[in-house]
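Summary of the model geometry
Here's the letter readout for the chains.
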Amino acid sequence: MITFNFKHPIHSDYSNELKNFYNIFSKYVKSNDWAVDIGAGVGDTTLVLGELVGEGGKVICLEPSITYDLLIKNIQINKDFIKRIQPYKIGAYNRYCIKKIVTSPQRDNGGYRDWK
């Protein structure tokens, strides 16, 4: 596993979490696969998936909230991943309900609530 250049708004050292993500996802995601990261946040999981899919794979990541700009920066500082990661500033929902993303700058994982 490579060491990512990664900026997190709260945690100064996030390397153990990234290693844990890598170990978990490496069981399911292989070279040349395509993966989707819904709610990509700042890109921690996105970068791990980008490493696992390799040059022949693709990661589609969706992030509608204020962390999108940091997601883009984290992708850009990992130059080898720019061609394999495709970010979109959109959310995802199903046809039966709409979810509104609720994100706080003090939290790193955001959340959601029913939109009524």
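Refer to the structure above for everything that follows.
**Remarks on helix H2 (residues 44-53)**
One turn of an α-helix holds 3.6 residues; hence residues three or four places apart share an orientation. Most of H2 is tucked away, with nine of its 10 residues classed as buried. All buried positions along H2 are accounted for by Asp44, Thr45, Thr46, Leu47, Val48, Leu49, Gly50, Leu52 and Val53. Contacts from the buried residues of H2 go to helix H1 (15-25), strand E1 (34-38), strand E2 (58-62), helix H3 (68-76) and strand E3 (85-88). Of the residues flanking the end of H2, it is Gly54, one or two places downstream, whose phi is positive at about 70 degrees.

**Things to note about the sheet that holds E2**
Strand pairing within a sheet occurs via backbone hydrogen bonds; the two strands may be parallel or antiparallel. In space, the three strands of this open sheet follow the order E1-E2-E3, with parallel pairing throughout. The strands lining the two open edges of the sheet, one partner per strand, are E1 and E3. Put simply, the sheet's adjacent strands are angled 15 degrees from each other on average, direction ignored. In the sheet, E2 pairs with E3 via four bridges, with the strands oriented parallel. Within E3, the residue paired with Cys61 across the bridge is Pro87. Along the sheet face, H2 touches E1, E2 and E3 and points at about 165 degrees away from the line of E2. Strands E2 and E3 of the sheet are contacted by H3, whose axis makes an angle of about 165 degrees with E3.

**Here's the deal with unusual backbone geometry**
Even without being a glycine, Asn32 presents a positive backbone phi close to 75 degrees. As for its position among the elements, Asn32 is in the loop between H1 and E1.

**Focus on the side chain of Ser65**
Mapped onto the elements of the fold, Ser65 is located in the loop between E2 and H3. The class of Ser65 is buried, set by a relative accessible area of 11%. A distance of 2.5 Å separates a polar atom in the side chain of Ser65 from a polar atom in the side chain of Glu63.

**Things to note about the packing of H1 against H2**
As a packed pair, H1 and H2 sit with axes 10 Å apart at the nearest point and diverge in direction by 50 degrees. As summarised for this structure, H1 and H2 are arranged oblique, according to the angle between their axes. When the axes of H1 and H2 are compared, the crossing they make is right-handed. The segment H1 lies against H2, with Leu18, Phe21, Tyr22 and Phe25 engaging Asp44, Thr45, Val48, Leu49, Glu51 and Leu52.

**Side note on the packing of aromatic side chains**
This structure, assessed with the given rule, holds one aromatic pair. Consider the rings of Phe21 and Phe25, whose centres lie 6.4 Å apart with planes at 50 degrees: the pair is tilted. Of this pair, Phe21 and Phe25 both sit in helix H1, separated by four residues, roughly a single helical turn. Since its relative accessible area comes to 26%, Phe25 is described here as partly exposed.

**Quick word on the nonpolar core**
With 20 residues, the main nonpolar core has Phe6, Cys61, Leu71 and Ile85 as its most contacted residues. The set of elements that each furnish at least two residues to this core consists of H1, H2, E2 and H3. Among the elements that line this core, the one with the most residues is H2, at five residues. Not counting the four nearest positions on each side in its chain, Ile85 is found in contact with Thr46, Leu47, Gly50, Val59, Cys61 and Ile75.

Parameters at a glance
Residues numbered from 1 in each chain as written. Predicted model: local features only at pLDDT ≥ 70, side-chain atom pairs only at ≥ 80, totals over all residues. Heavy atoms only, no water. Buried < 20%, exposed > 50% of the residue type's maximum accessible area, 1.4 Å probe, protein only. Helix = DSSP H or I, 4+ residues; strand = E, 2+ residues; numbered from the N terminus. Contact = heavy atoms within 4.5 Å. Pairing = 2+ DSSP bridges. Axes fitted to C-alpha atoms, helices over the stretch in contact; angles between N-to-C directions. Polar contact = N/O pair within 3.5 Å; in protein donor to acceptor, adjacent residues only side chain to side chain. Parallel < 35°, antiparallel > 145°, perpendicular 65-115°, else oblique. Left-handed = near helix turned anticlockwise from the far one by under 90°. Phe/Tyr/Trp six-rings, centres within 6.5 Å; stacked < 30°, edge-to-face > 60°. Core = buried A, V, L, I, M, F, W, Y, C linked by side-chain atoms within 4.5 Å.

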